[in-house]
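# Notes for the structure review
Residues per chain, in single letters:
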Amino acid sequence: MRMEMNEVRARLADSSLSLADTLLSTDPDSATGRLYVVKLLESLPGVGKVQARRVMSDIGIAEKYRVAELGTDHRAALLKVFG
């Protein structure tokens with residue numbers, strides 16, 4: 001599972017996987033669904049730890065949230081910020 005999560009993060013980093021596709025994964029048992037949102041955002045090109053946490057705080061997403069736990073409003077807000 002950890003290797004699959006690392007693969008998702010690597011694909012986000014090299015832009016072969018989009019944030020929108022990643023956020024559409026709602027299966028809590030998949031590697032993407034189990035990935036912490038903060039780690040997902042940090043994997044995006046040009047997004048660091050501070051920016052990821054600041055955006056999550058502004059939107060109201062706790063640091064311990066996983067992708068599968070996000071609601072539709074949180075997903076839409078993340079897509080609005082990071083496109």
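Since the structure is predicted, the reported quantities are computational estimates derived from the model, not experimental observations. Every residue gets a number counted from 1 within its own chain, in the order that chain's sequence is written. In keeping with the model being predicted, local features are shown solely for residues with a pLDDT of at least 70 and side-chain atom pairs are shown and tallied solely at 80 or more, while totals for entire chains, interfaces and linings include all residues. Think of the side-chain values as coming from all heavy atoms in the structure, minus any hydrogens and water.

## Focus on the overall build of the protein chain
Helix and strand assignments come from DSSP, with helices taken as H or I runs of at least 4 residues and strands as E runs of at least 2, each series counted from the N terminus. Within the protein chain, the secondary structure is distributed over six helices and zero strands. Taken from N to C terminus, the helices and strands of the protein chain fall in the order α-α-α-α-α-α. For the radius of gyration, the atoms used are the C-alpha atoms, and the globule rule reads 2.2 Å times the number of residues raised to 0.38. Its C-alpha radius of gyration of 11 Å places the protein chain within 12% of the 12 Å reference for a compact globule of 83 residues. Reported as C-alpha extents along the three principal axes, the dimensions of the protein chain are approximately 30 × 25 × 20 Å. Within the protein chain, contacts between residues separated by at least 24 positions form 62% of all contacts whose residues are at least 6 apart in sequence. With residues, only the protein chains shown are counted as cover, and all accessible areas are computed by Shrake-Rupley using a 1.4 Å probe. Carbon and sulfur atoms make up 50% of the accessible area of the protein chain, which amounts to about 5000 Å² in all. Lys and Arg are tallied as positive, Asp and Glu as negative. Neither His nor the chain termini are counted. Taken as the charge location is NZ of Lys, CZ of Arg, CG of Asp or CD of Glu. Of the side chains in the protein chain, 12 bear a positive and 11 a negative charge, and the two mean positions are spaced by 6 Å. Residues count as neighbours in contact if any of their non-hydrogen atoms are within 4.5 Å of one another.

## Some words on the packing of helix α5 (residues 49–59) against helix α6 (residues 72–82)
Two quantities define a packed helix pair, namely the angle between the axes and the distance from one axis to the other. Geometry is summarised by axes, namely lines fitted to C-alpha atoms with helices restricted to the contacting stretch, and by angles between N-to-C directions that run from 0 to 180 degrees. Their axes nearest at 11 Å, the elements α5 and α6 cross at an angle of 135°. Between α5 and α6, the angle falls in the class oblique. Crossing angle aside, the handedness with which α5 passes α6 is right-handed. Residues Gln 51, Val 55 and Ile 59 of α5 pack against His 74, Ala 77, Leu 78, Val 81 and Phe 82 of α6. Amino acids are sorted into nonpolar (Ala, Val, Leu, Ile, Met, Phe, Trp, Tyr, Cys and Pro), charged (Asp, Glu, Lys and Arg) and polar (every other residue, Gly among them). Residues belonging to the contact of α5 with α6 are distributed by class as follows: six nonpolar, two polar and no charged. Roughly parallel means an angle under 35 degrees; roughly antiparallel, over 145; roughly perpendicular, 65 to 115; everything else is oblique. Each crossing is labelled by how the near helix is turned from the far one, with a counterclockwise turn of less than a right angle marking it left-handed and a clockwise turn marking it right-handed.

## Let's talk about the environment of Ile 59
The topology assignment puts Ile 59 in helix α5. Distance from Ile 59 to Ser 43, taken between C-alpha atoms, is 18 Å for residues 16 residues apart in sequence.

## Things to note about the side chain of Glu 42
Along the chain, the position of Glu 42 falls in helix α4 (residues 37–42). For the purposes of these results, a polar contact is taken to be a pair of N or O atoms within 3.5 Å, where, inside protein, one atom must be able to donate a hydrogen and its partner to accept one; residues adjacent in sequence count only when each atom of the pair is a side-chain atom. Among the polar contacts made by the side chain of Glu 42, one reaches the side chain of Arg 53 at a distance of 2.6 Å. Apart from the residues lying within four places of it in its own chain, the contact partners of Glu 42 are Val 47, Gly 48, Lys 49, Ala 52 and Arg 53.

Taken by themselves, the reported measurements are silent on function.
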